[in-house]
Amino acid sequence: MAPRTEPAPSPHRAGERPESPGAADASNLVELPVPRALLRIALPATASFILNTVFGLVDAWFVGKLGAGPVAALSAAAVVTWILYSLGSLGQVGALALLSQSIGAGERELGRRAVGAALGVHLLLGVVVLVPLHLFGPALFGAMGLATEIAADANAYLQPVLG
């Protein structure tokens, strides 16, 4: 007679219905098929990029009603804003990669340190980049070759973005 073995404990909480065999938990990207997981990640990012572009187009449409000078100022400020977002992405992308790897490896402390380092990078960028922009914004736009009035308008447009 074969020895009696106990059944493995159920991974489900009391009262939960188990899913059908082979069904992946939609909240766990690791268990999803790769195309479906990519869509879950890519669709919100794509929507964000599209909305950001639409925001810029609507902004340009309204400012365009004011004339060529304000559009030039908006365009110059948009270049600086794009550079700021790109610099901000440096720490964010690196931290997300380290965070996801550390969580996957079960090393949550490493993930905490990655997030702390990313916050430090953003703080440093804030001091090194944003403070001079506040202080020398008109000179920066003047160095771009903009007329004095357009440089002042570009700086005025940028100030709410800088906070």
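Please read these numbers as outputs of a predicted model, since none were measured by experiment.

The rules we used
- Residues numbered from 1 in each chain as written.
- Predicted model: local features only at pLDDT ≥ 70, side-chain atom pairs only at ≥ 80, totals over all residues.
- Heavy atoms only, no water.
- Helix = DSSP H or I, 4+ residues; strand = E, 2+ residues; numbered from the N terminus.
- Expected span 1.5 Å × (residues − 1).
- Bend = angle between axes of the 7 residues up to and from the residue.
- Buried < 20%, exposed > 50% of the residue type's maximum accessible area, 1.4 Å probe, protein only.
- Contact = heavy atoms within 4.5 Å.
- pLDDT = per-residue confidence, 0-100.
- Patch = residues over 30% accessible without salt bridge, like charges linked within 9 Å, V, L, I, M, F, W, Y side chains within 5 Å.
- Areas by Shrake-Rupley, 256 points an atom, 1.4 Å probe, with all protein chains shown as cover.
- Salt bridge = Lys/Arg side-chain N within 4 Å of Asp/Glu carboxyl O.
- Axes fitted to C-alpha atoms, helices over the stretch in contact; angles between N-to-C directions.
- Parallel < 35°, antiparallel > 145°, perpendicular 65-115°, else oblique.
- Left-handed = near helix turned anticlockwise from the far one by under 90°.
- Nonpolar A, V, L, I, M, F, W, Y, C, P; charged D, E, K, R; others polar.

**Examining helix H1 (residues 34–64)**
- An ideal rise of 1.5 Å per residue puts 45 Å on 31 residues; H1 measures up with 44 Å between its terminal C-alpha atoms.
- The largest bend in H1 is about 30 degrees, located at Ala42, with the proline Pro44 one to four residues further on.
- Burial in H1 covers these residues: Ala37, Asp59 and Val63.
- Against the buried residues of H1 lie helix H2 (68–104) and helix H4 (148–162).

**Some points on the confidence of the model for the protein**
- Across the protein, the average pLDDT comes to 81, with 83% of residues at 70 or higher.
- A low-confidence stretch, residues 20–24 stays under pLDDT 50, and its non-local contacts, those more than four residues away or across chains, total three contacts.

**Looking at a nonpolar patch on the surface**
- Judged by side-chain polarity, Leu123, Leu124, Val127, Val128, Val131, Leu135 and Phe136 come together as a nonpolar surface patch covering roughly 730 Å² of accessible area.
- Relative to the elements of secondary structure, Phe136 occurs in helix H3 (residues 108–143).
- Residue classification places Phe136 among the exposed positions, given a relative accessible area of 54%.

**Let's talk about the packing of H3 against H4**
- Close contact between H3 and H4 brings their axes to 8 Å; oriented N to C, the two are set at 160 degrees. On the basis of the axis angle, H3 is roughly antiparallel to H4. In this structure, H3 crosses over H4, and the sense of that crossing is right-handed. Contacts from Leu130, Leu133, His134, Gly137, Pro138, Phe141 and Gly142 of H3 reach H4 at Ala151, Ala154, Asn155, Leu158, Gln159 and Leu162.
- Among the residues making up the contact of H3 with H4, the classes are represented as eight nonpolar, five polar and no charged.

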